[in-house]
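Report on the structure
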Amino acid sequence: MCTKQKYAALLAVAVVIMSTGCVAHRGSSSLDNVTKTSTSSTKKSGAPTVRADQTVSAAALAKRNEAREAQQNAVSEAEARAKATAEEVQLKLAEAKKKAEEDAARAKAEAEELAKKANEEAARLKAEADKRAKEEAAKAKAEAEALAKKASEEAARLKAEAEKKAKESVVKVTVREEKATLVESKAANAGQYHVIVGSFKSLDNARKAADTAISQGYLPSVMENAEGMYRVSLFTSDEEDVARQKLVNILEKHPEYVGIWLLKVK
């Protein structure tokens, strides 16, 4: 925009100069014609030539001065217009630059405001997520504790029922008497009453059951009765009450021995 306006101003100056030159040229030509005509008329009339030439030269000089002054005025006006145009262009450029800077500052401020809002929103969402996570964790923990408590209560109830059934079973257990020969024993002494946890036709199977009892911390014994059945005893005593109490203890620790019973060796 600035370059086009400068070119327009310079073109205007050139046009003015050319116009002024043409006027001066036309004035000079007219002056020459007037001089020639005056000289010719003087010669014809016989009047003195000096005075006519002087008059013509003064008129031509005046016209030349007028043309030169007009040319200078035109150049001055063109330069003034060009200067005004340049100043206007500079002013507009300054205004455009100022507006661009203001727009950039405003855009920067808006971007910073948007970034701030985005950060605040992200922080809010994170806080909500953390809060929900804590609430869910607390809820899950409470549910787990409630389930654990319920399971513990259920286990205690089942244990109590098992102990009750075991005691009831012990009360109902009658002592069976039979002749039996001791085959092998880990116990130091063999009493009259035995707590029997298994009966087998095979000695190998009886020994396997005894090995299991050993791994559980008992000192088992294997006996054979008159029919060839092998009895596996986990405890032996000469007192029935002691043997019954031990039977209860075994059932409490090992409910799998549900078929446990008492044997009195004849």
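Let me begin by describing the structure that accompanies this report. Nothing here was measured: the structure is a model prediction, and the numbers come from that model.

This part takes up the pattern of salt bridges. Scanning the model with the defined rule gives 13 salt bridges in all. Between Arg157 and Glu161 there is a salt bridge whose closest N-O contact spans 2.4 Å. Separated by 4 residues within a single helix, Arg157 and Glu161 lie in helix H2 (residues 49–172), roughly one turn from each other. On the basis of relative accessibility, which here comes to 37%, the residue Arg157 falls in the partly exposed class. With relative accessibility at 34%, the residue Glu161 sits in the partly exposed group. A salt bridge links Arg207 to Glu184, with the shortest nitrogen-to-oxygen separation between them at 3.4 Å.

Let us look at the pairing of strand E4 (residues 221–225). The element E4 is extensively covered by neighbouring structure, given that 4 of its 5 residues are classed as buried. Bridge count for strand E2 (residues 180–185) against E4 is 5 bridges, and the pairing is antiparallel. Considered in E4, the bridge of Glu184 is made with Val222. The pairing of E4 with strand E5 (residues 230–237) spans 4 bridges and is classified as antiparallel. Note on E5: the bridge partner recorded for Val222 is Val232. What sits between E4 and E5 in their antiparallel hairpin is a turn of 4 residues, with Gly228 showing a positive phi close to 85°.

Within the secondary structure, Thr236 sits in strand E5. A polar atom in the side chain of Thr236 sits 3.2 Å from the backbone oxygen of Tyr193. Beyond its immediate sequence surroundings of up to four residues, Thr236 is in contact with Ala187, Asn189, Ala190, Gly191, Gln192, Tyr193 and His194.

On the basis of which strands lie adjacent, the open sheet formed by 6 strands has the order E1-E6-E3-E5-E4-E2 and mixed pairing. Among the strands making up the open sheet, the edge pair consists of strand E1 (175–178) and E2. Averaged over all neighbouring strand pairs, the angle between strand axes comes to 40°, with direction disregarded. Sheet topology note: the strand E3 (residues 193–200)/E5 ladder contains 7 bridges and is antiparallel. Residue His194 lies in a different strand from E5, and its bridge partner there is Thr236. Set on the sheet, helix H3 (residues 203–215) makes contact with E2, E3, E4 and E5; between it and E5 the angle comes to about 35°.

Judged by nonpolar contacts, the single largest core of 18 residues is most densely connected at Val195, Val197, Leu234, Leu247, Ile250 and Ile260. At the level of elements, E3, H3, E5 and helix H4 (240–253) are the ones that each hand at least two residues to this core. Ranked by residue count, the leading element in this core is H4, at 4 residues. Setting aside chain neighbours within four positions, we find Val197 in contact with Val232, Leu234, Tyr257 and Ile260.

With 14 residues, H4 should cover 20 Å at 1.5 Å per step; its first-to-last C-alpha distance of 20 Å lies within 8% of that length. Residues of H4 that are buried: Ala243, Arg244, Leu247, Val248, Ile250 and Leu251. Taken down its axis, H4 places every buried residue within 165° of arc, on the same side. Pointing more than 90 degrees away from the buried face of H4 are the exposed residues Asp241 and Lys253.

Definitions and limits used
- Residues numbered from 1 in each chain as written.
- Predicted model: local features only at pLDDT ≥ 70, side-chain atom pairs only at ≥ 80, totals over all residues.
- Heavy atoms only, no water.
- Salt bridge = Lys/Arg side-chain N within 4 Å of Asp/Glu carboxyl O.
- Helix = DSSP H or I, 4+ residues; strand = E, 2+ residues; numbered from the N terminus.
- Buried < 20%, exposed > 50% of the residue type's maximum accessible area, 1.4 Å probe, protein only.
- Pairing = 2+ DSSP bridges.
- Polar contact = N/O pair within 3.5 Å; in protein donor to acceptor, adjacent residues only side chain to side chain.
- Contact = heavy atoms within 4.5 Å.
- Axes fitted to C-alpha atoms, helices over the stretch in contact; angles between N-to-C directions.
- Core = buried A, V, L, I, M, F, W, Y, C linked by side-chain atoms within 4.5 Å.
- Expected span 1.5 Å × (residues − 1).
- Arc of directions from axis to C-beta.

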